[in-house]
Amino acid sequence: MTKNPSLLKNPEIDSWISFSRDGLINVRIGKVDIGQKISTAIERIVSEELDLDPKRIVMVMPDTILSPNEGMTSGSNSMEESGNAIRLAAATIRETLIEMASRKLNVSIASLEVTDGMISSRETDRTTNYWDLQEGRLFNKAINVEAKVKPGNHYGKSQELYSGADITNIVTGSYKFIQDVNLNPMLHARPVRPPNINSKLCQIDVEVEKHLKKNGITVIRNGSFLAVAGTDEYEVIKAADTIKKSAVWKQLRRFDPASIFEQLKNNKRISLKVVDGMPTEAPLAADTKINPNIKSTYSRPYVMHASIAPSSAVAKFEENELEIWTHSQGIYLLRASLAELFHMPDDKIKIYHRSNSGCYGHNGADDAAIDAALIAKAVPGIAILLKWTRQDEHAWEPYSSAMVMELSANIDKKNKISSWKHSTFSDTHVSRPKPGQKGLGAANLLASRFLDPPIIAKPIPPNKMKHGGIHRNLEPLYRFEHQLLIKNLVRNLPHRTSALRTLGAYANVFAIESFIDELAEEICVDAVELRLNYLSDQRAKACIKAVVKEIAHIDASQPNHGWGIGFAQYKNSKAYAAVAVHVMVNEAAEIKLLKAVIAADAGQIIDEKGVIAQLEGGFIQAASWTIYEEIMYDDENILSIDWESYPIIGFDNIPDFKTILISMPDEPFLGIGEAVCGPAAGAIGNAVFKATGLRVRQLPMTPSNLRSLALKT
Amino acid sequence: MIDFTLRINRENYDVTAMTDTPLLFVLRNNLNLKGSKLGCGLEQCGACAVLVNGESTFSCAVAASSLVGKSIITIEGVSEGGTLSVIQKAFLTEIAAQCGYCTPGMIIATTALFNKNPNPKKQDILEALQKHLCRCGSHARILAAINNMQLDHPQND
């Protein structure tokens, strides 16, 4: 039996792999490339299990017509779901074809060898190959979940043979992103956004609309949803600007100017006790065993995905059929949500995935898709290429919720940490379009609330999955005698929020790893030793020891220098990552990252360069959230609307990396995309404390926040 | 709308556009050269960079009609005759990209730098790239690619 949801939903070989007659094989997965290059790892697995040159493997871009439905591409699950399914599918194919070959050549199975799909035997001179045996037929066979796979330590050849087609296209500028889709004829389109999410469109200037129409610009209006389309992209941009200036909006509600952190603590909320990573209905009555004598509160503001490419989509509506090209992470869920909204049967909506720049979670992809679909329905018979502007992207994507983490512990007379309490306050981290759940499908698409009549999202119920959203990595891997963990889903907060890389784990781990260092300081023990004392998992300890061994060579004893450590196992079940970072805090109160050491255990590693890229990239992105990022807004407007008003990390603050992969060839694949983010934040905070004596509990660690903390201390 | 001729990737192109149409839209929409990317349209991210007379220029905010008589090289023109440039090869070998959206701009900035200064110091490299944003965090590999290239192809002082 398998627990892999992708295999349970798509048990047939034919859903995943098919042989064409020209010496190539087509591989389909339902997970999408969002910059993380899952297709590279999948290509390698197929290449290894079938002994094929990767050049023979065609990775088919996912669509809702033929690709296996694997739900959402999220949570670092792709290797465990698609990777595992493809490995077993390929192994089943190999078993099947080898058996056919033995019959055809009349030789023993043990005598057969495969080289790049060609099958030979030492018992005969005759040969055959995969394509001759399969003759373009379907397998009509279930994947054997017990199929014998190639042992991990026999993987290797595919690394040398890696085709590298994507990266070649990237460096030559010929890699096709969704913005590069070129259908002829095609109109360019831009949405025209109101001042904020609580606005209602009263009127647009009819004269302006007439004038634009004369210049070939179509104005699309549906309730308060407003957009423009035309043949020339630059004219469309100008028209959007013109119509925006002439539109009159009514503000239905203003943002609450009270501090978001007060709102997180004071608003109505649902509080649930978390046990073994799962929210429970257990009573929250005071736990007498907890009895804390040390307490710290941490917070982080709203942050955004801030994708480099604005969200975009292509849509075409013709003869009651809607086609959409999108960079959504969940094409089947998007299709079902749009089918619900437009009252169309599922099979009349075809969705094709195309890459956009990295998105790191639920950004504006799905919202752009509905924008394009609404325009296509208003202007049928022609393809619409819709792009958001930079300001749209910054102001309208679903943000990652601000969070408050209250930690407390009891240090007993023997200097033992006898109890641990962690209560986290946050808005939801998952508001993806998901149909059929109390109308949460289309309602979670941005444009729906502006339609006439509007479709308003209902409050999202608490996520009760193991290590779900707010409570992801709420449970520390450290073992204490008593622990009390509480997730608080807070209502009536100002901004739309959804999934950003790691969901709640980044802030929870930042708080845990900072607090562990604070406890070490209190008890006067070494922070590394304290961690090792409260961990029982050997793989966790091995990661921590590996970074400490490396950072020990570094001299961080100069004034304003320091190094710190952070650790977590993502979701307490995926990759382990320890991070040590050496920082310097200069006179301008800027944190300079000098050296970062990462040690990770991700089970069997397929694409070593890909794993290192995810770890170092994850560190850099998390360092950016930690040091620079905070969404600013007043009672009316989002103020973080471009790269100047929402700065991110640049080349001037990239540390030297030393990344150590702990090899576990016999262990299952573990997702790696998010493991390093929380530990990176913890390590930076702990290093800044060593460098300056300042314990930063409120993110981001900007010079102005560091200065005001210094004044208070 | 006006007609003019642009010299792009060593060839002449006749263009019809508005006087203020940014070069980026002319490249992508009129000439189907889609390697230069639209990231912000505000000269803040560098995804749209091209070489104008050898200088790295953000094409999202410069009017195409103002570039008549100048030599424009886009990412498509960096590799001459289908052969990757040394810089492209260095990015390829190091896999110095995650999603790849910012990569054409990064390669243009690096090309402009090396055209001017074949032996840049680390500080020169950081300055040349500072205006270019990358959200995937591929910075370290981009710097490694440039560094490896300098080791492989040392320039004489």
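Residues numbered from 1 in each chain as written. Chains lettered and ligands numbered in written order. Predicted model: local features only at pLDDT ≥ 70, side-chain atom pairs only at ≥ 80, totals over all residues.

**As for the overall build of chain A**
Note the cut-off: A run of H or I in DSSP counts as a helix once it spans at least four residues, and a run of E counts as a strand once it spans at least two, with each numbered from the N terminus. All radius of gyration figures rest on C-alpha atoms, and the globule criterion is 2.2 Å times the number of residues raised to 0.38. The burial label depends on the number of other C-beta atoms within 10 Å of a residue's C-beta. Counts of 20 or more mean buried, 12 or fewer mean exposed, and intermediate counts mean partly exposed, with C-beta atoms placed from the backbone.
Counting its regular elements, chain A contains 19 helices and 25 strands. Since a compact globule built from 713 residues should have a radius of gyration of about 27 Å, the 27 Å found for chain A is in line with a globular shape. Summarising its shape, the C-alpha atoms of chain A cover approximately 80 × 75 × 50 Å along the three principal directions. Residues classed as buried in chain A amount to 53% of the 713 residues present.

**Description of the overall build of chain B**
Keep this limit in mind: In this description, a residue-residue contact is defined by the distance between C-beta atoms placed from the backbone, which must lie within 7 Å.
For chain B, the count of helices and strands is six helices and five strands. Element order for chain B, N to C, with α for helix and β for strand: β-β-α-β-β-β-α-α-α-α-α. In terms of C-alpha radius of gyration, chain B reaches 16 Å, essentially the compact-globule figure of 15 Å for 157 residues. With the principal axes as the frame, chain B shows a C-alpha extent of 50 × 30 × 25 Å. Counting over 157 residues, chain B shows a buried share of 53%. When contacts within chain B are restricted to residue pairs at least 6 apart in sequence, those whose partners lie at least 24 apart make up 59%.

**Overview of unusual backbone geometry**
Residue and element names in this part refer to chain A. Of note, the bond from asparagine 184 into proline 185 is cis; its omega dihedral lies within 30 degrees of zero at 0 degrees. The topology assignment puts proline 185 in the loop between α6 (165-172) and β7 (186-191). Leucine 699 connects to proline 700 through a cis peptide bond whose omega is 0 degrees. Inspection of the secondary structure puts proline 700 in the loop between α18 (677-692) and α19 (703-712). Within the chain, asparagine 473 stands out as a residue other than glycine whose phi angle is a positive 60 degrees.

**Quick notes on the interface of chain B and chain A**
For the record, the criterion: Classes in brief: Ala, Val, Leu, Ile, Met, Phe, Trp, Tyr, Cys and Pro nonpolar; Asp, Glu, Lys and Arg charged; the others, Gly included, polar.
In this assembly, 45 residues from chain B lie in contact with 40 residues from chain A. Taken together, the elements giving at least two residues each to the side of chain B that touches chain A come down to α1 (23-30), α2 (75-78), α3 (86-94), α4 (103-116), α5 (122-129) and α6 (139-152) of chain B. Residue classes in the side of chain B that touches chain A are distributed as 25 nonpolar, 15 polar and five charged.

**Here's the deal with the domain arrangement of chain A**
Residue and element names in this part refer to chain A. Selection rule: How far each domain reaches was decided by an automatic or database domain assignment.
Here the domain parsing of chain A yields domain 1 (5-172), domain 2 (179-252 + 311-387) and domain 3 (403-428 + 463-712). Each partner contributes to the interface: domain 1 provides 17 residues, whereas domain 3 provides 15 residues. Those elements giving two or more residues to the side of domain 1 that touches domain 3 turn out to be α2 (38-50) and α3 (78-105). The residue makeup of the side of domain 1 that touches domain 3, split by class, is four nonpolar, 10 polar and three charged.

**Here we look at the packing of helix α14 (residues 505-523) of chain A against α18(A)**
Residues and elements named next belong to chain A. The line we're drawing: As a rule, the C-alpha atoms of each element are fitted with a line to give its axis, helices using only the stretch in contact, and angles between N-to-C directions run from 0 to 180 degrees. We call a crossing left-handed when the near helix sits turned anticlockwise from the far one by less than a right angle, and right-handed when that turn is clockwise.
Two numbers describe how α14 lies on α18: the axes approach to 7 Å, and their chain directions differ by 35 degrees. The crossing of α14 and α18 is right-handed. In contact with Ala505, Tyr506, Asn508, Val509, Phe510, Glu513, Ser514 and Asp517 of α14, α18 contributes Cys677, Gly678, Pro679, Ala681, Gly682, Gly685, Asn686 and Phe689. Looking at the contact of α14 with α18 residue by residue, the class counts come to eight nonpolar, six polar and two charged.

**What about the nonpolar core?**
Selection rule: By convention in this section, buried Ala, Val, Leu, Ile, Met, Phe, Trp, Tyr and Cys residues joined through C-beta atoms within 7 Å make up a nonpolar core.
Counting 257 residues, the largest nonpolar core has Ala372(A), Ile384(A), Val547(A) and Val579(A) as its most contacted members. Every residue in contact with Ile384(A), bar those within four places of it in the chain, is listed here: Leu187(A), Ala189(A), Ala229(A), Val314(A), Ala315(A), Lys316(A), Ala372(A), Ile375(A), Ala376(A) and Val379(A).

**Side note on the packing of α2(A) against α3(A)**
All names here are of chain A. How we decide: Working rule for angles: under 35 degrees goes down as roughly parallel, over 145 as roughly antiparallel, 65 to 115 as roughly perpendicular, anything else as oblique.
Relative to each other, α2 and α3 sit at 25 degrees, their axes nearing to 9 Å. By the criterion of interaxial angle, the relationship of α2 to α3 is roughly parallel. Considering the relative orientation of α2 and α3, their crossing is right-handed. Side by side, α2 and α3 meet where Ile38, Ala41, Ile42, Ile45, Val46, Glu49 and Leu50 of the first sit next to Ser78, Met79, Ser82, Gly83, Ile86, Arg87, Ala90, Ala91, Ile93 and Arg94 of the second. Classifying every residue of the contact of α2 with α3 by side-chain character gives 11 nonpolar, three polar and three charged.

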